[in-house]
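Geometric and topological summary
Below are the chains, spelled out letter by letter.
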Amino acid sequence: MPKRPSPTLSKIVATIGPASDSPEMVEKLINAGVGVFRVNFSHGTFEDHARRVATVREIARRLEQPVGILGDLQGPKIRIGKVEGEGIELCVGRDVLLVPSGDAFAGAKSGVSAEVDVLPSDYPLARDVEPGHRVLINDGLVRLIAVEREPGDPAEALRCRVLVGGPVTSRKGINLPDSNVRDEAITEQDWACVEWAVAHGLDFVALSFVRRADEVRKLKAALASMCPIDHALDRTGTGSAIPVVAKIEKPQAFDDLDAIVEAADAIMVARGDLGVEMDIAEVPVMQKRLLEKCDEWGKPCIVATQMLESMVTAATPTRAEATDVANAIFDGADAVMLSAETATGRHPALVVETMRRIAGAAESRMAERCGAPSPSVRLRESRYRTAALAHGAWHVAMDLGARLVVCWSQRGGTARYLSQTGLPIPVIAYSSDEREVRRMSLLRGITPRLMELPAKRPATLAWFNLEADMDLLELGWVEKNDPIVLVAGAPLGVQGTTNTLAAHRVGDPHSGFMGLAAPDA
């Protein structure tokens, strides 16, 4: 096995698309540092997605590199319908009639004055938008104000006045920052995507436009019923439902934020729609608030949208973009995400390499200023044994000057607790469950590794110690006599048994777990 670059702490989520879905490019992206690929269900067909998922799985398996796949649901995104030709230019001061797509649109066009422009929408806006509410098109580049509802058949139309004009083409997004949209958080198309995600073994599902915690709970309950239970691996019988990432991109979410973060498995700061729906000056403040809240609850957080946007075409980012990525790392983000930069951009691999270098420089600075760990309030209140061990591992690692922390984490629990301590050194987390190894790829500081349990002898702690030593030496991540900290429990491969912490020098047959029992006992 060739030696590999040292593990990094922060994770990179990259959107896979036409510019990055070839086997050659997927391999480059994984080698450059991608830990999770995002499949955007807003674009492409299920056939496209299946081909991309198969490519990622094949390349990751060949590279022996655990890589997660996140399916991002479109959610109830309201869009302009089909506009004829190359679109329509809306002029300041003119009225616009927004009508449901289909027959109502055709009728409206023939029955209104030439002084009024008519645009179709795929949602009955007049149902939820009140006069005086803002209607924003194409990420807010075109801005309207609602004037009145007008009768229509089969649904009312919404008359608006143009405040900021510009071109409008088919399928541009519509944002309603002042309106309480009554559409379901999970659409029929989303449910079809959820079923597809389960059938194709995706590792995470992202729920868009979350406003309330019960929307997250509804999706989690559905996933729990759809995902199979492997009783040989899961003694609790709760199954292994795909984790849910709640995307925060609506101002209403902040009214129920604690409950949303508690309900979700991870959070995404989706700054695109959030920056349209609320005052742009508030977005950096809300980002920091979300990161603080995730730290409080011990939940992973992804910062997304336009992080290296200029590299869609350019070979280098702007100074502001580099600072944006670094500040997300400084503020405690587990992962930073690339969207168009890797999906359709000119330099997918270069973008990932650039983001990794920026994150690495930020992590080096954080290591210089490393202070005592501060476990989340929820963890301190829980009194969990494994959380206490993780807290202790931080102190032992710092006192020893440990090169790595190495743990066995069958279902990812120990890895999550170690991730939350903010260790400035990598944690190598082993498991025999390939599914859980991929899911650990989102956790800050965690480098997951798949290790099969022995079939003909007990999986003792001493066996694990010996196997980990050999694996780490082969990878080139340690040298003989390097100090490391071990965290595990017996029997290996069973959830909830972590109870032992040991200091070890790589290759020393008398330290760590090596003295507890003979490796082949």
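Refer to the structure presented above.
Residues numbered from 1 in each chain as written. Predicted model: local features only at pLDDT ≥ 70, side-chain atom pairs only at ≥ 80, totals over all residues. Heavy atoms only, no water.

**Quick look at the overall build of the protein**
Our working definition: Each helix is a run of DSSP H or I of at least 4 residues and each strand a run of E of at least 2, with the numbering of both proceeding from the N terminus. We compute the radius of gyration from the C-alpha atoms alone; for a globule the expected value is 2.2 Å times N to the 0.38, where N is the number of residues. Exposure categories follow from relative accessible area, calculated using a 1.4 Å probe and restricted to protein chains: below 20% of the type maximum is buried, above 50% is exposed, and the middle band is partly exposed. What makes two residues a contact is simply this: any of their non-hydrogen atoms within 4.5 Å. Charge assignment: positive for Lys and Arg, negative for Asp and Glu; neither His nor the chain ends contribute. By convention, the point assigned to a charge is CZ for Arg, NZ for Lys, CD for Glu and CG for Asp.
In terms of regular secondary structure, the protein is built from 16 helices and 22 strands. For a compact globule of 521 residues, the expected C-alpha radius of gyration is about 24 Å, and the protein comes in at 25 Å, within 12% of that figure. Reported as C-alpha extents along the three principal axes, the dimensions of the protein are approximately 90 × 45 × 45 Å. For the protein, the residues scored as buried account for 55% of the 521 residues in total. Residue pairs in contact within the protein that sit at least 24 positions apart in sequence constitute 69% of those at least 6 positions apart. One way to put it: in the protein the 59 positive side-chain charges average out to a point 4 Å from where the 70 negative ones average out.

**Observations regarding the sheet that holds strand β19 (residues 427–431)**
Selection criterion: Strands are treated as partners if at least two bridges between them are detected by DSSP. Interaxial angle, 0 to 180 degrees, is taken between N-to-C directions of lines fitted to C-alpha atoms, where a helix line uses only the stretch in contact.
The strand order across the open sheet built from five strands is β20-β19-β18-β21-β22, with neighbouring strands paired in mixed fashion. Two strands in the sheet have a free side with no partner beyond their single neighbour: β20 (446–450) and β22 (500–505). Neighbour to neighbour, the strand axes of the sheet diverge by 25 degrees on average, direction disregarded. Where strand β21 (residues 483–488) meets β22, six bridges bridge the pair, whose relative direction is antiparallel. Residue pairing for β22: Val487 is matched across the bridge by Leu501. Across the face of the sheet, helix α13 (residues 385–400) comes into contact with β18 (404–408), β21 and β22 while running at roughly 170 degrees to β21. Lying on the sheet, helix α14 (residues 413–420) is in contact with β18, β19, β20 and β21; it crosses β18 at an angle near 155 degrees.

**Focus on the pattern of salt bridges**
Pairing is possible between side chains that carry opposite charge, provided their charged atoms lie close to one another. Condition: For this analysis, a salt bridge means a side-chain nitrogen from Lys or Arg found within 4 Å of a carboxyl oxygen belonging to Asp or Glu.
What the rule picks out here adds up to 39 salt bridges. Of the charged contacts in the structure, one is a salt bridge between Lys247 and Asp72, with a shortest N-O distance of 3.0 Å. Residue Lys247 is located in strand β14 (residues 244–248), and its partner Asp72 is located in strand β3 (residues 68–72); the two are separated by 175 residues in the primary sequence. Residue Lys247 shares its accessibility class with Asp72, and that shared class is buried. The partner of Arg438 in a salt bridge is Glu434, with the nearest N and O atoms 3.8 Å apart. Placement of the pair is Arg438 and Glu434 together in helix α15 (residues 434–439), with a separation of four residues, close to one helical turn. Glu434 gets classed as partly exposed once you look at its relative accessible area, which sits at 38%. Linked through salt bridges whose partners overlap, the residues forming this network are Arg57, Arg61, Asp203, Glu434 and Arg438.

**Here we look at the environment of Arg403**
Rules: Distance and chemistry together define a polar contact, namely a pair of N or O atoms within 3.5 Å, with one atom able to donate a hydrogen and the other to accept it when in protein, and with adjacent residues in sequence counting only for side-chain atoms on both sides.
Relative to the helices and strands, Arg403 is located in the loop between α13 and β18. Residue Arg403 is classed as partly exposed on the basis of its relative accessible area, which comes to 37%. Sequence separation between Arg403 and Ala362 is 41 residues, and the spatial gap between their C-alpha atoms is 19 Å. Among the polar contacts made by the side chain of Arg403, one reaches the side chain of Asp482 at a distance of 2.7 Å.

**Here we look at the pairing of strand β10 (residues 157–164)**
Walk down a regular strand and you will see the side chains alternate between the two sheet faces. Sheet topology places strand β6 (residues 95–100) next to β10; four bridges connect them, and they run antiparallel. Within β10, the residue paired with Asp95 across the bridge is Arg161. Direction of pairing for strand β9 (residues 142–150) relative to β10: antiparallel, over a ladder of seven bridges. Paired with Glu148 across the bridge in β10 is Arg159.

**Notes on the sheet that holds strand β8 (residues 134–137)**
Strand order in this open sheet of seven strands is β4-β12-β8-β9-β10-β6-β7, and the pairing throughout is mixed. Each having just a single partner strand, β4 (78–79) and β7 (116–121) make up the two edges of the open sheet. Here six bridges tie β6 to β7, and the two strands are oriented parallel to one another. Counted as the bridge partner of Asp95 is Val116 from β7.

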